[in-house]
Amino acid sequence: IDNSAFEHCSSLTSVVIPEGVVSIGDSAFDYCSSLESIVIPSSVTSMGTNVFDYCDNLTEVVFAPNSQLKVLNENVFLNCVDLETVILPENLLRIEYGAFQYCYNLTNISIPDSVTHIAFRAFNGCCNNLTSITIPDNIVSMGTPVFEGCDNLTSITWKGTMYTDKTTFNTAMKDASIASGKVWD
């Protein structure tokens with residue numbers, strides 16, 4: 001799917017990308033304000049930046065089983081204010097800068113154990129309804145801050161032993177407790 005292929009298609013409500021599509025270009029569905037759901041097939045190996053930027057009514061994103069996608073690029077779901085549920089690919093390795101930035105209604109996201117990198121501000125200014133999250137043990141780098149503005153995040157389960165400081169969790173730390181993991185004071 002080419003860059004900006006469906007940009008500003010305001011009447012588009014759902015998309016099922018056919019199996020066999022391997023790439024979704026930058027801003028492919030940018031400003032599709034009526035888009036509510038998307039299914040991304042296992043054949044997709046790359047997604048550009050800002051693919052679903054400002055899809056205000058997008059509530060659910062499903063990556064098909066056996067997804068080949070390894071990286072969620074920068075701002076891929078930026079400003080998807082109604083996004084509630086994301087089922088991430090089981091083999092995902094990286095969540096890049098601002099991937100879920102300003103997804104205010106995100107309530108359900110499971111970070112797969114395969115993820116090794118969560119970039120700076122991956123969940124910035126979002127997650128008004130996200131109260132808990134589990135960070136997998138394979139994480140080798142996390143940007144600072146990752147969960148800035150996630151004020152209702154009160155439970156962080158961190159399976160790993162990578163050292164970080166509390167600014168990684170920023171405002172989320174005001175009432176949160178961390179189970180496991182190692183955090184510098």
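Quick notes on the rules
Residues numbered from 1 in each chain as written. Predicted model: local features only at pLDDT ≥ 70, side-chain atom pairs only at ≥ 80, totals over all residues. Heavy atoms only, no water. Helix = DSSP H or I, 4+ residues; strand = E, 2+ residues; numbered from the N terminus. Buried < 20%, exposed > 50% of the residue type's maximum accessible area, 1.4 Å probe, protein only. Pairing = 2+ DSSP bridges. Axes fitted to C-alpha atoms, helices over the stretch in contact; angles between N-to-C directions. 1 Å grid on protein atoms, 1.4 Å probe; cavity = no way out; pocket = protein on both sides within 12 Å on 5 of 7 lines; lining within 4 Å. Points joined across faces, edges and corners; volume = space filled by probe spheres on them. Salt bridge = Lys/Arg side-chain N within 4 Å of Asp/Glu carboxyl O.

(A) Looking closely at unusual backbone geometry. In the Ramachandran plot, Asn66 falls in the positive-phi region, its phi being about 65° despite a non-glycine side chain. One can find Asn66 in the loop between β5 (60–63) and β6 (71–72). Phi at Asn79 is positive, roughly 60°, even though this residue is not glycine. Mapped onto the elements of the fold, Asn79 is located in the loop between β6 and β7 (85–87). On the accessibility criterion, Asn79 (12% relative accessible area) is buried.

(B) Region of the structure containing the sheet that holds strand β9 (residues 108–110). Strand order across the open sheet formed by 5 strands is β1-β3-β5-β7-β9, with parallel pairing between neighbours. The open sheet has two free edges, formed respectively by β1 (14–16) and β9, since each of these has just one partner strand. Each neighbouring strand pair of the sheet contributes to a mean axis angle of 10°, computed without reference to strand direction. Strand direction decides the pairing type here: β5 and β7, joined by 3 bridges, are parallel. Residue pairing for β7: Val62 is matched across the bridge by Ile87.

(C) Representation of the layout of surface pockets. Put simply, the largest pocket is a space of about 150 Å³. Put simply, the parts of the chain that give the lining of the largest pocket at least two residues each are β7 and β9. Considering each element in turn, the lining of the largest pocket owes the most residues, 3 residues, to β9.

(D) Region of interest: the pattern of salt bridges. Under the criterion given, the structure shown has 1 salt bridge. In this structure, Glu96 engages Arg94 in a salt bridge whose closest nitrogen and oxygen atoms are separated by 2.6 Å. For Glu96, a relative accessible area of 14% puts it in the buried group.

Function cannot be inferred from these measures alone, as they are strictly geometric.
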